[in-house]
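Coordinate analysis (summary)
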Amino acid sequence: MAIYVWDYRREYENEREEILDAVDTVFRSGQLMLGASVRGFEAEFAGYHGVPHCVGVDNGTNAVKLALQAVGVGPGDEVITVSNTAAPTVLAIDGVGATPVFVDIDPVTYLMDTDQVAAAITERTRCLLPVHLYGQCVDLAPLERLARQHGLKIVEDCAQAHGARREGRLAGTVGDAGAFSFYPTKVLGAYGDAGAVITSTDEVEQNLRRLRYYGMEDRYYVVRTPGHNARLDEVHAEILRRKLRRLDDYIAARRAVAQRYAEGLGDTGLVLPQVAPGNDHVYYVYVVRHPERDAILAALKEFDFHFNISYPWPVHTQTGFAHLGYATGDLPVTEAAANEIFSLPMYPSLPVDLQDRVVTTLRKILARG
Ligand SMILES: *Cc1c(COP(=O)(O)O)cnc(C)c1O
C-alpha cells in the first residue's frame, strides 16, 4: 500500500456523515453566499482565538494579501519576511504592489531569524510579515518591540500554524492581523479553497469586509479600490465549523505521530524537528534534515513512499522573483536548509502501522550508510 505525505480519505470516512450534513445544510438553507454559515464560522474561529473579529476569505493567499491591504500596505512600501516559505506569502506582498525584503532563517527551527530584522528596516518599511512555518510560531516579542519603535504593522502568516502557541499566545493573535489558509492539507482544512483573517482592530476588520466584497460598503456601492471578489463560500464555512470543533483533536493526533517518529528515528543521524522553548508545535509538516538528502530520497523510490520537500527552491532563487534582485548566496542558511530537508508523511489519520513503516524503511536506508 502506498504511503502518501498527506491523504484525507480515512478522515473523510470517519467524518463523512457530518461533512455531508454540512453540505446539505448549506444547500437547503436558501443562502449560498455570505450567509449563516460564514457568519457562524467567523464568530467561532474568532472565539477559538479569543479575538473580536474574523473575516472569511476565499484562500490563504488572499488572506495574506487582504490583511496587508487592510493594515495599510500598498505600492512603494517594503515588507520584511523570509524566503523559506510557501511562495504565496511573497506573491501576496508582490500582489499589493509592495516590495518583499528577506531576512535569513534560524538554522535550528528554520523560522525567521528575528535578530536580522532591525538591520533590514528602512524608511520605506511598513510591515513585518513573520511566517509560523511548519507548525511552530516565530518569536514575536522582538518584532513587537521593533514595530513599536518604528511605527510598523505586523501581519502573521498562520497558514501552517492553526492552534499553535508561543508562550500561551495563539498564532494570529499577536500582530495587527493573522492570515489563515484552510487549503485541504492544512491543520484545519476545508474540502477546497478557503481562508480567513483574524484581528482585534475594528478598522482592520471593516477594511477586510470591504476588500473581500469588491470594495463595497453597501451592495453596489464601492467605497475603496482595489476591491476583490474574495468571499469565503458557505459550503466550506459550514464544513470548517464542524471541523473546528475537532481542531484540538487533529493537533493531538499530529503530535502523537511526531512523537512516534521521534522515538523511532532519534538515533539515525536524521536531524528531527526542534521545538523552540515556549512553543507548542502543531506539526503541519514533519521536516527532517540530512546532508545526504538526495541519496535518501533516491533510495526511497524502491519503496512505495511519497515524501515532500517544503521547500526545494527558496523564493528568492526562483525565476519569477528575479525582479526582486536577489541572487543565490544572499541567504545562506535558507539555501543550505533547502538542499537538505524533506518532510515525512504527516496527517491526523495516518495509521500507526504506516507510521511504523515510515520509521523502519528510513532506518533500513540510513543503516546502509
Ligand atoms: C498554504 C500557504 C499559503 C497560501 O494558502 P492558499 O490557501 O494555498 O492560498 C500562504 N502561506 C503559507 C505559509 C502557506 O503554507
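What counts, and where the lines are drawn
Residues numbered from 1 in each chain as written. Predicted model: local features only at pLDDT ≥ 70, side-chain atom pairs only at ≥ 80, totals over all residues. Heavy atoms only, no water. UniProt positions renumbered as here; feature names shortened; annotations may be inferred. Helix = DSSP H or I, 4+ residues; strand = E, 2+ residues; numbered from the N terminus. Rg over C-alpha atoms; globule rule 2.2 N^0.38 Å. Buried < 20%, exposed > 50% of the residue type's maximum accessible area, 1.4 Å probe, protein only. Contact = heavy atoms within 4.5 Å. Areas by Shrake-Rupley, 256 points an atom, 1.4 Å probe, with all protein chains shown as cover. Lys, Arg positive; Asp, Glu negative; His and termini not counted. Charge placed at Lys NZ, Arg CZ, Asp CG, Glu CD. Domains from an automatic or database assignment. Buried area = accessible area lost by both parts, 1.4 Å probe. Salt bridge = Lys/Arg side-chain N within 4 Å of Asp/Glu carboxyl O. Nonpolar A, V, L, I, M, F, W, Y, C, P; charged D, E, K, R; others polar. Axes fitted to C-alpha atoms, helices over the stretch in contact; angles between N-to-C directions. Left-handed = near helix turned anticlockwise from the far one by under 90°. Pairing = 2+ DSSP bridges. 1 Å grid on protein atoms, 1.4 Å probe; cavity = no way out; pocket = protein on both sides within 12 Å on 5 of 7 lines; lining within 4 Å. Points joined across faces, edges and corners; volume = space filled by probe spheres on them. Disulfide = S-S within 2.5 Å. Right-handed = clockwise from strand over helix to strand, strands pointing away.

Under an unreviewed UniProt entry, the name given to the protein is DegT/DnrJ/EryC1/StrS family aminotransferase, and the organism recorded is Micromonospora cathayae. Word for word, the UniProt comment on the protein under Sequence similarities (unreviewed entry) is "Belongs to the DegT/DnrJ/EryC1 family."

Another aspect to go through is the overall build of the protein. Along its length, the protein carries twelve helices and twelve strands. Computed over its C-alpha atoms, the radius of gyration of the protein comes to 21 Å, within 12% of the 21 Å expected for a compact globule of 369 residues. Expressed along its principal axes, the backbone C-alpha trace of the protein runs to roughly 65 × 55 × 35 Å. For the protein, with 369 residues in total, the buried portion stands at 58%. Put simply, of all contacts in the protein between residues at least 6 apart along the chain, 71% involve residues at least 24 apart. Accessible surface, the protein as shown: approximately 15500 Å² in total, 49% of it carbon and sulfur. Taken together, the 36 basic and 48 acidic charged side chains of the protein have centroids lying 3 Å from each other.

Here the focus is the domain arrangement of the protein. By the assigned domains, the protein splits into domain 1 (3–103 + 113–244) and domain 2 (247–367). Computed from C-alpha coordinates alone, the two centres of domain 1 and domain 2 are separated by 24 Å. Summing the contributions of domain 1 and of domain 2, the shared interface buries around 3800 Å²; its carbon and sulfur component is 57%. Sorting the residues of domain 1 by area buried against domain 2 places Ile3, Val5 and Tyr134 first, and these three jointly supply 24% of that buried surface. Between the two partners, domain 1 and domain 2, sit zero salt bridges. When residues of the side of domain 1 that touches domain 2 are traced back to their parent elements, those giving at least two are helix H1 (9–29), helix H4 (87–95), strand S3 (99–103), strand S6 (165–166) and helix H8 (234–244). Partitioned by chemical class, the residues of the side of domain 1 that touches domain 2 number 21 nonpolar, nine polar and ten charged.

Moving on: the packing of helix H2 (residues 36–49) against H8. For the pair H2 and H8, interaxial distance at closest approach is 8 Å and the crossing angle is 35°. In the packing of H2 onto H8, the handedness of the crossing is left-handed. Residues Ala36, Ser37, Val38, Gly40, Phe41, Glu44, Phe45 and Tyr48 of H2 lie in contact with H8, whose contacting residues are Glu234, Ala237, Glu238, Leu240, Arg241 and Leu244. Partitioning the contact of H2 with H8 into residue classes produces eight nonpolar, two polar and four charged.

Before going further, it helps to spend a moment on the pairing of strand S12 (residues 341–344). Burial of the side chains of S12 extends over both faces: Ile341 and Ser343 are buried on one face and Phe342 and Leu344 on the other. With four bridges connecting them, strand S11 (residues 286–289) and S12 associate as antiparallel partners. Bridge assignment links Tyr286 to a residue of S12, and that residue is Leu344.

Before going further, it helps to spend a moment on empty space enclosed by the protein. Tallied over the full model, the rule gives one cavity of 30 Å³ or more. In this structure, the largest cavity spans a volume of roughly 70 Å³. Lining of the largest cavity is provided by Val108, Thr109, Tyr110, Tyr134, Gln136, Pro273, Gln274, His281, Val285 and Val287. Here the lining of the largest cavity is composed, by residue class, of six nonpolar, four polar and no charged.

Bringing the pattern of salt bridges into the picture now. Applying the stated criterion across every chain yields a total of 21 salt bridges. Here Glu11 and Lys243 are joined by a salt bridge, their closest N and O atoms 2.9 Å apart. Taken together, the residues span a long stretch of sequence, with Glu11 in helix H1 and Lys243 in helix H8 at a distance of 232 residues. Exposure class is identical for Glu11 and Lys243. Each is buried. Among the salt bridges present, the one from Arg363 reaches Asp267, with a minimum N-O distance of 2.8 Å.

A few words now on H8. Because an α-helix completes one turn every 3.6 residues, residues spaced three or four positions apart along the sequence face the same direction. The buried fraction of H8 amounts to eleven of the eleven residues, a majority that puts the element mostly inside the structure. Turning to H8, its buried residues number three or more, namely Glu234, Val235, His236, Ala237, Glu238, Ile239, Leu240, Arg241, Arg242, Lys243 and Leu244.

Tallying each qualifying case throughout the model produces zero disulfides. Here Cys127 is not disulfide-linked; the sulfur of Cys158 is the nearest cysteine sulfur, at 12 Å. Assessed through its relative accessible area of 0%, Cys127 is described here as buried.

Before going further, it helps to examine the pairing of strand S4 (residues 125–128). Working note: regular strand, side chains alternate between the two faces of the sheet. Looking at chain direction, strand S2 (residues 78–82) and S4 are connected through three bridges and run parallel. When the sheet's bridge partners are listed, Ile80 is paired in S4 with Leu128. Of the strand pairs in this sheet, S4 and strand S5 (residues 153–157) are connected by two bridges, and their pairing is parallel. Bridge pairing in S5 links Leu128 to Ile154. Read as a crossover between parallel neighbours, the route from S4 over helix H6 (residues 141–150) to S5 is right-handed.

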